[in-house]
Amino acid sequence: MKTVDEHLATVLAGIGPLSPLELTMLDAHGCVLAEDVTATHPLPPFDNSAMDGYAVRAADIATATASTPVTLPVVGDIAAGSVTPYSVQPGLCVRIMTGAPLPPGADTVVPQEWTDEGLAQVSIRAAASVGQHIRRAGEDVVPGTVVLTSGTHLGATQIGLIAAVGRDRVLARPRPRVVILSTGSELVDPGQPLTPGKIPDANSALLTAAAQEAGAIAYRVGIVPDDPRQLLDALEDQLIRADVVVTSGGVSVGAYDVVKDALGRLGTVAFDKVAMQPGMPQGFGRIGPDQTPFFGLPGNPVSAYVSFEVFVRPVLRRMLGVEPITRPTVRARLVEPVGSPPGKRTFARGWLSVEHGKYVVRPVGGSGSHLIASLSGANAFIVVPEDVTQLDAESTVDVMMLERRQR
Ligand code: AMP
Ligand code: MG
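Here is a short report on the structure shown in this document. Note that the coordinates shown come from a computational prediction; the quantities given were computed from them, not determined experimentally.

## Focus: the sheet that holds strand β20 (residues 281-287)
With mixed pairing, the 6 strands of this open sheet are ordered in space as β16-β13-β17-β21-β20-β18. Edge strands, defined here as strands with exactly one partner in the open sheet, are β16 (217-224) and β18 (269-273). Each strand axis lies, on average, 15° off the axis of its neighbour in the sheet, ignoring direction. Across 5 bridges, the pairing between strand β13 (residues 177-183) and strand β17 (residues 244-248) is parallel. Looking across to β17, one finds that Ile180 is bridged to Val246.

## Notes on the pairing of β20
With 6 of its 7 residues buried, β20 lies for the most part within the structure. Alignment of β18 against β20, held across 5 bridges, turns out to be antiparallel. Across the sheet, Phe271 pairs through a bridge with Gly283, a residue of β20. Joining the antiparallel neighbours β20 and strand β21 (residues 292-297) is a turn of 4 residues, in which Gly288 adopts a positive phi near 80°.

## Examining the site of ligand 1
In the neighbourhood of ligand 1, 16 residues make up the surrounding shell, with Glu186, Asp201, Ala202, Gly250 and Gly299 lying closest. The separation between a nitrogen atom of ligand 1 and a polar side-chain atom of Ser182 is 3.4 Å. Interatomic distance of 2.5 Å between a side-chain N/O atom of Glu186 and an oxygen atom of ligand 1. Protein burial of ligand 1: of its 480 Å² of free accessible surface, 75% is covered by the chains. Elements with a contribution of two residues or more to the shell around ligand 1: β13 and β15 (199-200). Split into classes, the residues belonging to the shell around ligand 1 amount to 5 nonpolar, 8 polar and 3 charged.

## What to know about the nonpolar core
Among the nonpolar cores identified, the biggest contains 38 residues, and Val246, Phe295, Phe308, Phe311 and Leu316 are the most heavily contacted of them. Secondary-structure elements contributing two or more residues to this core are α1 (4-12), β13, α3 (203-213), β17, β21, α6 (301-320) and β26 (380-384). Sort the elements by how many residues they give to this core and α6 lands first, with 10 residues. Apart from residues lying up to four places away in sequence, Phe311 is in contact with Val4, His7, Leu8, Val11, Val274, Met276, Gln282 and Phe295. Grouped together as the second largest cluster of nonpolar side chains are 17 residues, Val179, Val224, Ile287 and Phe294 included.

Each value, and the rule that gives it
Residues numbered from 1 in each chain as written. Chains lettered and ligands numbered in written order. Predicted model: local features only at pLDDT ≥ 70, side-chain atom pairs only at ≥ 80, totals over all residues. Heavy atoms only, no water. Pairing = 2+ DSSP bridges. Helix = DSSP H or I, 4+ residues; strand = E, 2+ residues; numbered from the N terminus. Axes fitted to C-alpha atoms, helices over the stretch in contact; angles between N-to-C directions. Buried < 20%, exposed > 50% of the residue type's maximum accessible area, 1.4 Å probe, protein only. Near = heavy atom within 4 Å. Polar contact = N/O pair within 3.5 Å; in protein donor to acceptor, adjacent residues only side chain to side chain. Areas by Shrake-Rupley, 256 points an atom, 1.4 Å probe, with all protein chains shown as cover. Nonpolar A, V, L, I, M, F, W, Y, C, P; charged D, E, K, R; others polar. Core = buried A, V, L, I, M, F, W, Y, C linked by side-chain atoms within 4.5 Å. Contact = heavy atoms within 4.5 Å.

As structure tokens, this is what we get:
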């Protein structure tokens, strides 16, 4: 039997970040930037008002107080988006809106709250210092500045900055595309009526969602019956759009284990026993003209999901170019004992919470790998090392954190 670490090393061998592509700014969200983004114009692009108010010369209102307001004629209005035809001559002012360009001649902005908000003339009740409420051109970014460096993981605020410097596309590493197939003649598409002996295909939905959570573009192809010819045909159809192929089911030693039957013959996919619980049978190799990584995961939903988290997710993260590629592991106090078969690494479903500022983990549900309901009640896996057969209550244990969510 292979260890989990050996199998992980096998699947990661030769995997690197995908080659950069020109992506539209929103397609690049969640991806890793592969160029330096440089501002070609200043941010803000021009001097503009930070307030709705009046653009004036500070010297003209130096004596203004609440009891001795200064009244100035208003020569016009400047809205955001307009180009000013006005310049502010001594003794005059212009009504101005937030974001509108500061007219020539004005050196300060008086907020409308300090005035009587007059339209033809305005009475101003306070003096203002030069430069007040003016956002200067280039005070955020001067032209030529590298605002984002190659290698940056692009979140919402970085996407906003790309747009703010006027770019609509960037060079970035694309999300890996994952094709997901379920094998099994017992499977029925969710939403379709169940007939005797049939079960809904849970795995393709589960794995598609998990792949999306990992940052991939996931294509849920759905069900392929236990017929090697149909499986090979489906793979051939799908390879064109796949950076990774994931199937579930059909990798054990049963008579109709279709993935093993169909791909075992190619010689490029190995079917191994990995010393883990759940998820012992694992198929992995390369298929098709592009040597596309292929994962044949076991069919039980819990086994399929654990296998995805432990082996597939790191491959997808490495292709994305992000770190860490594995789920974060924390140390937590275990409240009930957890058993594990000798020589295997067990991933037991758990609920991780924080009590009095410390992590606490509680086992949830049974250990059967068909128990998808208890899987959905877990937010973590309690990891039992290979050389341990029992984790005692009150011991401190390793816990792999899954997607964060509230109960
Ligand atoms: P297999 O590895 O194909 O023998 O499948 C092992 C177990 O997992 C069987 O009980 C299958 O019915 C079940 N199973 C396989 N694929 C799926 C799936 N897509 N959704 C739900 N259960 C599945
Ligand atoms: Mg099967």
